[in-house]
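Tertiary structure, described
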Amino acid sequence: MSTKTIDYYFAPQSPWTYLGHTRFAAIAAEAGATVRVRPIDMGSVFPVSGGLPLGKRAPQRQAYRLVEMARFSQHLGLPMNTKPKFFPVASDDAARIIIAADIHDGTEAAMRVCTAVFAAVWVQERNIGDPNVLEALVAECGLPAKRSEQSLSQAVQERYEAYTQEAIDIQVFGAPSYVIDGEIFWGQDRLDFVERALRQ
């Protein structure tokens, strides 16, 4: 069994985080690794790292992204709307809900909320920018309704900002990024390497 810790940096609206999440959770569990759930604000990371929000990327990059999403969806056997109704979407509130679940209910609950949030965007055509949708997701995950209110606390906001700054400091530049012993593995297509690192 691994005694390793994985820092899991992601943006709640990221398609690649959705595509990797279930497999990542299984790999971490199999290895007995500790996951630290770290939602971050890519809007703050991109300007520092040279990344561009989707709408500002060159047309050929935008087109290829859709091809790759469909390819991975089929390869992984995961349902996916490559052009969901509610995307791009503001994801700060969803990030804060995940953090609130992590603080009050622990990692497993936070990972469950992640699963629900990612599927809401990429499978269910639900708007994670809508507080009512987030409240419904909290309930569907079996968590108390007050998590929504707690997600608006100063403590949660500070943690969200701290995770984002931490990501910038260690040179994370995209989502998802899995960090093991200071080594960054960027993208769900690097999960084979994550698995190997956990075995070492």
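A brief report on the enclosed structure follows. In this text, all values refer to a predicted model and were calculated from it rather than measured experimentally. (Residues numbered from 1 in each chain as written. Predicted model: local features only at pLDDT ≥ 70, side-chain atom pairs only at ≥ 80, totals over all residues. Heavy atoms only, no water.)

**A word on helix H8 (residues 154-169)**
For the record, the criterion: A run of DSSP states H or I qualifies as a helix once it reaches four residues; a run of E qualifies as a strand once it reaches two. Both are numbered from the N-terminal end. What a helix should span is 1.5 Å times the count of its residues minus one. To sort residues, take the accessible area from a 1.4 Å probe on protein chains only and compare it with the maximum for the residue type: under 20% means buried, over 50% means exposed, and anything in between is partly exposed. Each direction from the helix axis to a C-beta atom contributes to the arc, which is the arc of those directions. A contact between two residues is defined here by any heavy atoms of the two lying within 4.5 Å.
Compared with an ideal rise of 1.5 Å per residue, which puts 16 residues at 22 Å, H8 spans 22 Å between its outermost C-alpha atoms and is within 8% of the ideal. Those residues of H8 not exposed but buried are Val156, Tyr160, Tyr163, Thr164, Ala167 and Ile168. Buried positions in H8, seen along its axis, are confined to an arc of 140 degrees and lie on one side of it. Across H8 from its buried face, at more than 90 degrees, point the exposed residues Gln154 and Asp169. In this fold, the buried residues of H8 make contact with strand E1 (5-10), strand E2 (34-39), helix H2 (42-49), helix H4 (92-105) and helix H7 (146-150).

**Quick notes on helix H3 (residues 59-76)**
Helix length check: H3 (18 residues) gives 26 Å between terminal C-alpha atoms against 26 Å at 1.5 Å per residue, within 8%. By the burial criterion, the buried members of H3 are Arg65, Glu68, Met69, Phe72 and Ser73. When H3 is viewed along its axis, its buried side chains cluster within an angular range of 135 degrees and face the same direction. The outward face of H3, more than 90 degrees from its buried face, is lined by the exposed residues Pro59, Gln60, Gln74 and His75.

**Let's talk about the pairing of strand E3 (residues 177-180)**
To be explicit about the condition: Between any two strands, at least two bridges found by DSSP are needed for them to pair.
Taking every second residue as pointing to the same face, both faces of E3 are buried, with Ser177 and Val179 on one and Tyr178 and Ile180 on the other. Judged from the 4 bridges that link them, E1 and E3 form a sheet pairing that is antiparallel. Considered in E3, the bridge of isoleucine 6 is made with isoleucine 180. As defined by bridge partners, E3 adjoins strand E4 (residues 183-186) across 4 bridges and the pair is classed as antiparallel. By the bridge assignment for E4, valine 179 is matched with isoleucine 184. Hairpin geometry of E3 and E4 is characterised by an intervening segment of 2 residues between the two adjacent antiparallel strands and by a positive phi of about 50 degrees at aspartate 181.

**Looking at the packing of aromatic side chains**
Inclusion rule: Aromatic pairing here means that ring centres of Phe, Tyr or Trp (its six-membered ring) are within 6.5 Å. Orientation follows from the plane angle: under 30 degrees is stacked, over 60 is edge-to-face, and everything else is tilted.
Within the structure shown, the criterion is met by 8 aromatic pairs. Relative to tyrosine 178, the ring of tyrosine 8 has its centre 5.7 Å away and its plane inclined at 15 degrees; by these criteria the two rings are stacked. Here tyrosine 8 is found in strand E1, whereas its partner tyrosine 178 is found in strand E3, with 170 residues between them in sequence. For the pair formed by tyrosine 8 and tyrosine 178, the shared burial category is buried. Here the aromatic rings of phenylalanine 87 and tryptophan 122 are separated by 4.9 Å at their centres, their planes lie at 50 degrees, and the arrangement is tilted. Here phenylalanine 87 is found in the loop between H3 and H4, whereas its partner tryptophan 122 is found in helix H5 (residues 107-122), with 35 residues between them in sequence. Relative accessible area serves as the criterion here: at 0%, tryptophan 122 is assigned to the buried category.

**Focus: the layout of surface pockets**
In this approach, a probe sized like a water molecule rolls over the atoms, and the result shows the empty space that is left. Note the following rule: Cavity and pocket criteria rest on a 1 Å grid covering protein atoms alone: a 1.4 Å probe that fits but cannot get out defines a cavity, protein on both sides within 12 Å along at least 5 of 7 lines defines an open pocket, and an atom within 4 Å of a point defines a lining residue. Grid points are joined across faces, edges and corners, and a volume is the space filled by probe spheres set on the points. Note on residue categories: nonpolar means Ala, Val, Leu, Ile, Met, Phe, Trp, Tyr, Cys or Pro, charged means Asp, Glu, Lys or Arg, and polar means any other residue, Gly included.
Counted as a void, the largest pocket has a volume near 1100 Å³. Considering the residues around the largest pocket, the lining is formed by 40 residues, among which Trp16, Phe46, Leu52, Arg57 and Arg65 are closest to the centre. At the level of elements, helix H1 (15-31), H2 and H3 are the ones that each hand at least two residues to the lining of the largest pocket. Counted by class, the lining of the largest pocket contains 20 nonpolar, 12 polar and 8 charged residues.

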